[in-house]
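Here's the letter readout for the chains.
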Amino acid sequence: MRILIVEDETKVAHALREGLEREKYEVVVAPTGEEGFFLVNAQEFDLVILDLMLPGRDGLQVLSTLRKRGLQTPVLILTARDAIEDRVRGLDSGADDYLVKPFAFPELLARVRARLRRARTDPAVQLRLSDMEMDLLARNAKRAGRRLELTAREFELLEYLLRHKEEIVSREMLAREVWKETSRATTLDNVIDVHINRLRRKVDEPFDRKLIHTVRGVGFVLREEP
Amino acid sequence: MRLWSQNVRMRLTMWYTLVLAGLLALYAGVASLFLFLGLREDFDHNLLEDVETIEGMLTKGPDGQVSLRASHADGAEPRIGHFIEVWSPEGSLLYRSSSLSNLALGGPPNRSEGLKEQAPTTLRLANGARARVASSSYTIEDQPVVLRVAYNEGRLWRELGEFGEVLLLGFPIAVLLAGFGGYGLARKALAPIDAMATQSQKISAERLSDRLPIQNPADELGRLGIAFNDLLKRLQGAFDQLRRFTADASHELRTPLTAIRSVGEVALQEQKNPAEYRDVIGSMLEEVDRLTRLVESLLALSRADAGQIQLQRTDISLLAIAREASAMVEVLAEEKGQQLGVDGDASIIVSADRLILRQAIVNLLDNAIKYSPKASRISVRIARGTDNQATVEIADQGPGIPSEHQPYVFDRFYRVDKARTREWGGAGLGLSIARWAVQAHEGELTLRSEQGQGATFRIWLPPSPNQKKGGPQ
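Nothing here was measured: the structure is a model prediction, and the numbers come from that model. (Residues numbered from 1 in each chain as written. Chains lettered and ligands numbered in written order. Predicted model: local features only at pLDDT ≥ 70, side-chain atom pairs only at ≥ 80, totals over all residues.)

Student: Would you take a moment to explain the overall build of chain B for this structure?
Tutor: A count of helical and extended segments in chain B gives 9 helices and 14 strands. Counting all 473 residues of chain B, 23% fall into the buried class. Within chain B, residue pairs in contact and separated by at least 24 positions form 65% of the contacts whose partners lie at least 6 positions apart. (Helix = DSSP H or I, 4+ residues; strand = E, 2+ residues; numbered from the N terminus. Buried ≥ 20, exposed ≤ 12 C-beta atoms within 10 Å, placed from the backbone. Contact = placed C-beta atoms within 7 Å.)

This is how it looks when you write it as structure tokens:
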């Protein structure tokens with residue numbers, strides 16, 4: 001999987017490259033719009049991550065030129081401008097998704113994964129990790145064969161974590177996906193933390209092996225090893 | 001011309017003088033006309049009297065010659081300047097006074113001349129002089145004659161001329177005096193404006209507390225001054241709010257920055273094991289999260305200020321929105337052992353953007369939960385207010401908000417107790433956002449609180465135009 005990052009901010013570009021390479025992606029960085037444009041034309045990529053504010057050539061211009069030339073590669077744009085018309089303009093120019101700076105890295109990873117697997121949504125009705133399993137149809141969850149008594153919200157939360165097992169999930173992602181709160185200005189962090197704590201009490205407390213882990217400053221992850 | 005266009009005082013004076021000069025000229029014209037008419041009436045009166053006198057003085061000599069008796073019975077002499085002609089009705093000149101020499105007072109008489117009483121007429125003589133002529137028909141010893149007596153109008157015109165000279169002499173003096181007077185008056189009238197201009201030049205953003213002096217609040221200039229002072233007051237309020245906002249915002253931004261910096265610097269002072277480094281980085285990321293959220297909230301508010309947020313309105317039950325909001329935060333209340341109750345009239349429908357209105361209620365509830373003691377009660381009530389408005393009342397049993405803080409609680413970053421900032425989390429924008437959200441729905445958000453008696457926030461919303469009348473209670 002080859003990803004092209006067009007980003008002029010060296011630190012950001014470096015962090016993105018490192019983070020994505022750790023996830024076993026092959027990463028190429030272009031510091032200017034021109035170079036990005038040249039690379040896309042010269043080589044094959046599975047995904048382009050494009051910053052909108054670029055020196056020399058505006059990201060949107062690069063994107064619309066590429067799309068006019070028939071480029072099919074999915075493009076994820078990064079923008080510091082989150083006014084609605086900017087998002088609309090970005091999507092109109094042929095972007096597949098956008099992310100507003102500053103973004104959380106797990107969020108970027110989730111978007112990248114979603115873009116790359118695109119059509120493949122998870123139809124599974126049975127989710128499992130270690131000795132925990134969830135039946136989405138019967139709407140029950142068990143650990144070590146014992147049924148977990150979960151509220152509706154806790155069930156949805158656990159389902160989301162389980163669907164993204166071994167991936168770090170930020171509070172922002174949880175607020176948007178589980179609580180359906182679109183405004184980033186509304187803080188549900190306290191609410192989320194309380195729910196995670198309650199979930200922990202039911203899922204992890206009676207057992208030796210803990211599954212829900214907090215990644216300080218980033219979010220939560222559901223995995224077997226600590 | 002520059003003076004003309006730049007100086008109101010000059011312009012006023014010019015206009016004043018011009019108008020006055022015009023009026024004076026008109027007055028002089030009318031006065032002259034009346035004087036002339038009056039003089040001429042006297043003139044004509046004398047003329048007609050003289051005609052009668054002269055009639056009596058006419059004699060006819062034995063040769064049929066008409067002559068003027070040198071002395072009349074009462075001894076009056078024909079006055080100098082009298083012109084006399086006597087004609088026979090057939091048109092032969094019978095007598096012409098020597099004063100006329102060869103000048104004629106018109107040609108032979110027509111038939112009706114002198115028969116009826118006629119007003120005297122003005123005639124221009126061959127030498128250019130104007131003469132006022134009166135005619136009368138008379139009979140001297142059975143000889144019918146037409147008598148014409150004329151005065152030279154010179155005297156009349158001379159008198160008029162003298163009057164005109166007096167007027168002309170006085171005219172420029174009057175205009176000049178009026179001009180000076182007008183200038184002085186304009187200067188006096190405009191002096192307060194000059195004073196206001198000078199004073200307002202001294203007022204700057206730093207000295208907005210200055211006010212213009214107002215001499216008479218009832219007159220036009222006083223009203224202008226009051227309007228100006230009101231404007232200054234509002235500006236001062238806005239500036240103060242902005243200054244407070246800037247100070248508070250930089251404080252809020254600086255706090256997490258300081259934390260990031262010191263945590264990082266301290267961590268670099270000595271070797272640590274990976275777990276410790278993780279902890280340090282995590283702590284820094286938490287602060288970054290705070291900063292991010294702060295910037296998000298500020299952006300949301302500034303977009304709201306700029307009117308960039310458009311509401312996606314639907315008709316929805318207010319109780320349903322309140323229940324949703326309460327469901328989102330009720331775990332927080334549970335953690336503190338607080339009771340969070342929602343009830344009220346389910347039939348109240350509002351036309352609202354569900355997410356934005358919910359956000360307002362969530363923020364108010366979040367606030368109530370945060371500041372209320374454990375095991376207290378927070379109630380949300382939906383009801384109809386005055387004028388059929390829809391209201392949401394959020395009442396807590398917390399410490400309440402002291403009255404001196406109440407006007408500011410909706411200001412951005414305003415905090416009743418500055419020291420509690422970090423302990424309680426949040427950046428002091430929740431209430432600002434709530435108020436914006438309510439106002440975006442043409443509603444009002446009010447606060448009623450007494451210290452120690454809890455706080456009650458109330459959202460007032462206009463009812464949906466589609467509100468069903470008298471729904472189920």
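Student: Before we go on, may I ask you to explain helix α6 (residues 152-163) of chain A in this structure?
Tutor: An α-helical turn contains 3.6 residues, so a residue and the one three or four places further along point in the same direction. All names here are of chain A. Between the first and last C-alpha of α6 there are 16 Å, a value that for 12 residues agrees with the 16 Å anticipated at 1.5 Å per step. E154, L157, L158 and L161 are the residues of α6 that are buried. Projected down its long axis, α6 carries its buried residues within an arc of 95 degrees, all on one side. Where the residues of α6 are buried, they touch β7 (132-135), β8 (140-143), β10 (168-170), α7 (171-177), α8 (189-203) and β12 (219-222). (Expected span 1.5 Å × (residues − 1). Arc of directions from axis to C-beta.)

Student: What is the right way to read the interface of chain A and chain B from this model?
Tutor: Many authors give the size of an interface as the accessible area that is lost as the parts come together. The interface is formed by 18 residues belonging to chain A together with 25 residues belonging to chain B. Within the side of chain A that touches chain B, the residues separate by chemical class into 8 nonpolar, 7 polar and 3 charged. (Nonpolar A, V, L, I, M, F, W, Y, C, P; charged D, E, K, R; others polar.)

Student: Please explain the sheet that holds β7(A) as it appears in this structure.
Tutor: Where strands meet in a sheet, backbone hydrogen bonds hold them as pairs that are either parallel or antiparallel. All names here are of chain A. The strand order β6-β7-β8-β9 describes an open sheet built from 4 strands, whose pairing is antiparallel. Unpaired on one side and paired on the other, β6 (126-129) and β9 (146-148) mark the two borders of the sheet. Taken over all neighbouring pairs, the strand axes of this sheet differ in orientation by 25 degrees on average, direction set aside. Here β6 pairs with β7 via 4 bridges, running antiparallel. The residue of β7 that forms the bridge with L127 is M134. Where α6 meets the sheet, it contacts β6, β7 and β8, and its direction lies at approximately 70 degrees from that of β6. (Pairing = 2+ DSSP bridges. Axes fitted to C-alpha atoms, helices over the stretch in contact; angles between N-to-C directions.)

Student: Explain the sheet that holds strand β4 (residues 93-96) of chain B to me, please; I cannot follow it from the model alone.
Tutor: Residues and elements named next belong to chain B. Ordered by their spatial adjacency, 5 strands build an open sheet running β4-β3-β7-β6-β5, and the pairing between neighbours is antiparallel. Only two strands of the sheet have a single partner each, and these edge strands are β4 and β5 (121-124). Between one strand axis and the next, the sheet turns by 30 degrees as a mean value, whatever way the strands run. As defined by bridge partners, strand β6 (residues 130-140) adjoins strand β7 (residues 143-152) across 10 bridges and the pair is classed as antiparallel. Residue pairing in the sheet places S136 in a bridge with L147 of β7.

Student: Sorry if this is basic, but what is going on with helix α3 (residues 154-202) of chain B here?
Tutor: The first and last C-alpha atoms of α3(B) sit 70 Å apart over 49 residues, in line with the 72 Å expected at 1.5 Å per residue. At B:L190, α3(B) shows its largest bend, some 40 degrees, and a proline, B:P192, comes one to four positions later. (Bend = angle between axes of the 7 residues up to and from the residue.)

Student: Looking at this model, I keep getting lost on the pairing of strand β3 (residues 47-51) of chain A. Mind explaining?
Tutor: Looking along a regular strand, one sees the side chains alternate between the two faces of the sheet. Residues and elements named next belong to chain A. Burial of β3 is extensive: 5 of the 5 residues sit out of reach of the surface. Burial along β3 is two-sided: L47, I49 and D51 and V48 and L50, pointing in opposite directions, are all buried. In this sheet, β3 lies alongside strand β1 (residues 2-6) in parallel orientation, the contact comprising 4 bridges. Across the sheet, residue I3 finds its bridge partner in β3, namely L47.

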